[in-house]
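Spelled out, the chains give:
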Amino acid sequence: MPRFAANLSMMYTEHPFPARFAAASADGFEAVEYLFPYAYDAAELRRLLDDHGLRQVLFNAPPGDWDAGERGTAALPGREAETRAGIDRALEYAAALDCPRVHVMAGLATAGAARETYLGNLGWAAERAGAVGVDLLIEPINHRDMPGYFLNRQAEAHAVVRELGAENLKVQLDLYHCQITEGDLSTALRRDLPTGRVGHLQIAGVPDRHEPDAGELNIGHLFDVIDELAFEGWIGCEYRPRAGTSEGLGWLRDYRGAHA
């Protein structure tokens, strides 16, 4: 049965960030993910995880100036030193939080030596992360939500992973982004999960990024496909609840009840 992680950047925003760990645990989540840990001391986050019996399964490496609109630096020529310092910082947090995965955002880049820069940074970062047992993830993101993002399609991400050939470099398959950009999610899952190159899944409803059972997706069918393929990773619930996170978890309670 698929395993679900609460995304604390989008879910439980009715609570201050530190209180979201308790709220997620109370709703039966065993794992969490979120965008960035860097506003908090790693020891404080470790305590919150331990106090509520949670595992940290994913966060992002530093993305550049997020508030100014940057969305990663790994594909930006001239930002190599910053990107690599950010990887080192992320790996320090990963060690403290016992987190096995870090997502490295490419950035908004469409010209120049972007792909060469991207491959160089990822190759360096994968070697660095591999030495401490951490997987690095890259994620195709749709152009509607993030115009100009460097990586958009599953085939592009898998081509990068194959080209670099690092066992700990994997794809983060967000079904929300994939549906908007490409569709045909059942085929994408059946094509890509068996390769072993997908390290993490994420879900949200399409088109509004609310609960995953609202909108275009037959989420029960997709969960059954994921189960059929024996995916052993986590599914991050990266969506914005319509009105109250706990109140909107009927989809998860129903799914767990049907598969108890």
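Cut-offs used in this document
- Residues numbered from 1 in each chain as written.
- Predicted model: local features only at pLDDT ≥ 70, side-chain atom pairs only at ≥ 80, totals over all residues.
- Heavy atoms only, no water.
- Helix = DSSP H or I, 4+ residues; strand = E, 2+ residues; numbered from the N terminus.
- Contact = heavy atoms within 4.5 Å.
- Phe/Tyr/Trp six-rings, centres within 6.5 Å; stacked < 30°, edge-to-face > 60°.
- Buried < 20%, exposed > 50% of the residue type's maximum accessible area, 1.4 Å probe, protein only.
- Arc of directions from axis to C-beta.
- Polar contact = N/O pair within 3.5 Å; in protein donor to acceptor, adjacent residues only side chain to side chain.
- Pairing = 2+ DSSP bridges.
- Axes fitted to C-alpha atoms, helices over the stretch in contact; angles between N-to-C directions.
- Salt bridge = Lys/Arg side-chain N within 4 Å of Asp/Glu carboxyl O.
- Expected span 1.5 Å × (residues − 1).
- Parallel < 35°, antiparallel > 145°, perpendicular 65-115°, else oblique.
- Left-handed = near helix turned anticlockwise from the far one by under 90°.

S.K.: Can you walk me through the environment of Leu217 in this structure?
M.R.: Looking at where Leu217 falls in the secondary structure, it is placed in the loop between β7 (198-203) and α8 (219-228). Each C-alpha atom of the pair Leu217 and Glu163 lies 32 Å from the other, and the pair is 54 residues apart in sequence. When near neighbours in sequence (up to four residues on either side) are disregarded, Leu217 contacts Gln179, Leu185, Ala204, Val206, Pro212 and Leu222.

S.K.: I'm lost on the packing of aromatic side chains in this one. Help?
M.R.: Note on aromatic pairs: each is described by the distance of the centres and the angle between the planes. For the structure on display, the rule yields 14 aromatic pairs. Where Phe4 meets Tyr255, the ring centres are 6.1 Å apart and the plane angle is 85 degrees; that geometry is what we call edge-to-face. Note that Phe4 is positioned in strand β1 (residues 3-7) and Tyr255 in helix α9 (residues 250-258), a separation of 251 residues in sequence. Accessibility classification places Phe4 together with Tyr255 in one group, the buried group. When the centroid spacing of 6.2 Å and the interplanar angle of 70 degrees are considered together, the rings of Tyr239 and Trp251 count as edge-to-face. Taken together, the residues Tyr239 in the loop between β8 (234-237) and α9 and Trp251 in helix α9 connect sequence positions 12 residues apart. Pairwise contacts between aromatic rings join Phe4, Phe223, Tyr239, Trp251 and Tyr255 into one cluster.

S.K.: Just to check I follow, could you spell out unusual backbone geometry for this structure?
M.R.: The peptide bond linking Val206 to Pro207 adopts the cis configuration, its omega dihedral lying at 15 degrees. In this structure, Ala230 is a non-glycine residue whose phi angle is positive, near 60 degrees. Summarising the element assignment, Ala230 is placed in the loop between α8 and β8. The exposure class assigned to Ala230 is exposed, which follows from its relative accessible area of 51%.

S.K.: What is the right way to look at helix α2 (residues 42-51) in this model?
M.R.: Helical periodicity: at 3.6 residues per turn, an α-helix aligns residues three or four positions apart in one direction. If you check which residues of α2 are buried, you get Ala42, Leu45, Leu48 and Leu49. Looking straight down α2, one finds its buried side chains confined to an arc of 120 degrees; they lie on one side. Here the buried face of α2 lies against α1 (17-26), β2 (31-33), β3 (55-60) and α3 (80-97). Capping the start of α2 is the job of one residue whose side-chain oxygen sits 2.9 Å from the backbone nitrogen of Ala43: Asp41. Trailing α2 by a residue or two, Gly53 shows a phi angle of about 65 degrees, which is positive.

S.K.: Help me understand the sheet that holds strand β6 (residues 169-174) in this model?
M.R.: Working definition: the strands of a sheet are paired by backbone hydrogen bonds and lie parallel or antiparallel to each other. If you walk around this closed barrel you meet the 8 strands as β1-β2-β3-β4-β5-β6-β7-β8, and the pairing is parallel. Between one strand and the next, the sheet's axes are offset by a mean angle of 30 degrees, whatever the strand orientation.

S.K.: Is there a simple way to explain the pattern of salt bridges in this structure?
M.R.: Once their charged atoms are close, side chains differing in charge can pair, the charge on each being opposite to the other. All chains considered together, the criterion is met by 13 salt bridges. In this structure, Glu70 and Arg79 form a salt bridge, with 2.8 Å as the shortest nitrogen-oxygen distance. With relative accessibility at 23%, the residue Glu70 sits in the partly exposed group. Put simply, Arg144, Asp145, Asp174, Arg209 and Glu238 are held in one network by salt bridges that share partners.

S.K.: Any chance you could explain the side chain of Asn142 here in plain terms?
M.R.: If you trace the backbone, Asn142 turns up in the loop between β5 (135-138) and α5 (154-164). For Asn142, a relative accessible area of 0% gives the class buried. Within polar-contact distance, the side chain of Asn142 engages the backbone nitrogen of Arg144 at 2.8 Å. Each residue touching Asn142, except ones within four places of it in the same chain, is listed here: Tyr176, His177, Ile180 and Thr181.

S.K.: Can you walk me through helix α4 (residues 114-130) in this structure?
M.R.: When the terminal C-alpha atoms of α4 are compared, their 24 Å separation across 17 residues agrees well with the 24 Å that a helix rising 1.5 Å per residue should span. Taken as a whole, α4 has its buried residues at Ala114, Thr117, Tyr118, Leu119, Asn121, Leu122, Ala125, Ala126 and Ala129. Contact partners of the buried residues in α4: α3, β5, α5 and β6.

S.K.: Sorry if this is basic, but what is going on with the side chain of Arg71 here?
M.R.: Tracing the backbone through its elements, the reader meets Arg71 in the loop between β3 and α3. In terms of polar contacts, Arg71 uses its side chain to reach the backbone carbonyl oxygen of Trp66, at 3.0 Å. Not counting the four nearest positions on each side in its chain, Arg71 is found in contact with Pro63, Trp66, Met105, Ala106, Gly107, Leu108, Met146 and Tyr149.

S.K.: Any chance you could explain the environment of Leu54 here in plain terms?
M.R.: With respect to the helices, strands and loops of the structure, Leu54 is situated in the loop between α2 and β3. Beyond its immediate chain neighbours, meaning those up to four positions away, Leu54 contacts Phe21, Ser25, Phe29, Glu30, Ala31, Val32 and Leu49.

S.K.: For this particular structure, what's the right way to read the packing of α1 against α2?
M.R.: Two measures define how a pair of helices packs: the angle their axes make with one another and the distance between the axes. Running from N to C, α1 and α2 cross one another at 20 degrees; their axes reach a closest spacing of 9 Å. By the criterion of interaxial angle, the relationship of α1 to α2 is roughly parallel. For α1 against α2, the interelement crossing comes out right-handed. Of α2, the residues touching α1 (which contributes Phe17, Pro18 and Phe21) are Glu44, Leu45, Leu48 and Leu49.

Everything listed here is a matter of geometry and, on its own, says nothing about what the molecule does.
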